[in-house]
Amino acid sequence: MTYSIGEVSRMYHMPPSTLRFYEQEGILINVTKDERGQRVYTQEHLNRLGTICCFKETGMTIAQLKAFFIYEEDEESHIDEMIQLLQERKESVSEQIEVLSRDYEHVLRKLYFYSEVRSSIQKGEKRPDWDQYRDRTFPEKDFRI
């Protein structure tokens, strides 16, 4: 099965210019063209794009992607470099998760706090004090506007 640039663009939610850029940078390789000069993508391209998208989401740079794919071409000679690069990504993603988790907890605290503020306004009661919420942990709940 083959795919056009438009189809791949829609599948991966990226503009065709990004696909062409990945080709120019050498991280999306062996893209052929049909008799009309249109790019033809295969399942192998989709597999590589899946890896590219995943690694880009983790913050991997184009230079790091290039290095990874070069290493991958000769795994035996570059296995230590591959593992090192992936270990660095793992640590970076772990840090991102910790930051997001802390930020998520803060958003939950604010949601609880402002839900209570709204409730106090509606009931004509004294507004809550943020200090009572600052360091607390709250369960996730469905807030309705």
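Everything below is about the structure shown above.
A brief look at the structure comes next. (Residues numbered from 1 in each chain as written. Predicted model: local features only at pLDDT ≥ 70, side-chain atom pairs only at ≥ 80, totals over all residues. Heavy atoms only, no water.)

Focus on the packing of helix H4 (residues 62-73) against helix H5 (residues 75-123)
Then, in step 1: Packing of H4 against H5 leaves a shortest axis separation of 7 Å and a crossing angle of 145°. Relative to H5, H4 is oriented so that their crossing is left-handed. Between H4 and H5, the residues in contact are Gln64, Phe68, Ile70, Tyr71, Glu72 and Glu73 and Glu75, His78, Glu81, Met82, Leu85, Leu86 and Arg89, respectively.
Then, in step 2: In the contact of H4 with H5, the residues fall into six nonpolar, two polar and five charged. (Axes fitted to C-alpha atoms, helices over the stretch in contact; angles between N-to-C directions. Helix = DSSP H or I, 4+ residues; strand = E, 2+ residues; numbered from the N terminus. Left-handed = near helix turned anticlockwise from the far one by under 90°. Contact = heavy atoms within 4.5 Å. Nonpolar A, V, L, I, M, F, W, Y, C, P; charged D, E, K, R; others polar.)

Some remarks on the packing of aromatic side chains
Both the distance between ring centres and the angle between the ring planes are used here to describe each pair of aromatic rings.
Then, in step 1: In this structure the tally under the stated criterion is nine aromatic pairs.
Then, in step 2: A ring pair is formed by Phe68 and Phe69, whose centres lie 5.5 Å apart and whose planes are at 70°; its orientation type is edge-to-face. The pair Phe68 / Phe69 is uniform in exposure class, with both members buried.
Then, in step 3: Ring centres 4.8 Å apart and planes at 75° place the aromatic pair Phe113 and Tyr114 in the edge-to-face group.
Then, in step 4: Looking at Tyr114, the relative accessible area reads 46%, which means it is partly exposed.
Then, in step 5: Through pairs of rings, three or more aromatic residues link up here, namely Tyr112, Phe113, Tyr114, Trp130, Tyr133 and Phe138.
Then, in step 6: Arg48 extends its terminal NZ or CZ atom over the ring of Phe69, reaching a point 3.7 Å from the ring centre. (Phe/Tyr/Trp six-rings, centres within 6.5 Å; stacked < 30°, edge-to-face > 60°. Buried < 20%, exposed > 50% of the residue type's maximum accessible area, 1.4 Å probe, protein only. Lys NZ or Arg CZ within 6 Å of the ring centre and 35° of its normal.)

Brief notes about the nonpolar core
Then, in step 1: Among the nonpolar cores identified, the biggest contains 21 residues, and Leu19, Tyr22, Tyr41, Leu49 and Leu65 are the most heavily contacted of them.
Then, in step 2: One finds Phe113, Val117, Tyr133 and Phe138 within the second-largest nonpolar core, a separate group that totals six residues. (Core = buried A, V, L, I, M, F, W, Y, C linked by side-chain atoms within 4.5 Å.)

Examining a negative patch on the surface
Then, in step 1: Residues Glu72, Glu73, Asp74, Glu75 and Glu76 make up a contiguous surface patch of negative charge.
Then, in step 2: At the level of elements, H4 and H5 are the ones that each hand at least two residues to the negative patch.
Then, in step 3: Assignment of secondary structure puts Glu72 in helix H4.
Then, in step 4: Classification of Glu72 as partly exposed rests on a relative accessible area of 34%. (Patch = residues over 30% accessible without salt bridge, like charges linked within 9 Å, V, L, I, M, F, W, Y side chains within 5 Å. Areas by Shrake-Rupley, 256 points an atom, 1.4 Å probe, with all protein chains shown as cover. Salt bridge = Lys/Arg side-chain N within 4 Å of Asp/Glu carboxyl O. Lys, Arg positive; Asp, Glu negative; His and termini not counted. Charge placed at Lys NZ, Arg CZ, Asp CG, Glu CD.)

Considerations on the pattern of salt bridges
When the charged atoms of two side chains with opposite charge come close together, those side chains can pair.
Then, in step 1: All told, the structure shown has four salt bridges when counted by the stated rule.
Then, in step 2: Salt-bridge contacts for Lys66 lead to Glu25; the nearest nitrogen and oxygen are separated by 2.8 Å. Residue Lys66 is found in helix H4, and its partner Glu25 is found in the loop between helix H2 (16-24) and strand E1 (32-33); the two are separated by 41 residues along the sequence.
Then, in step 3: Overall, the relative accessible area of 32% leaves Lys66 in the partly exposed class.
Then, in step 4: Given a relative accessible area of 26%, Glu25 falls into the partly exposed group.

Purely geometric stuff here, so don't read any function into it on its own.
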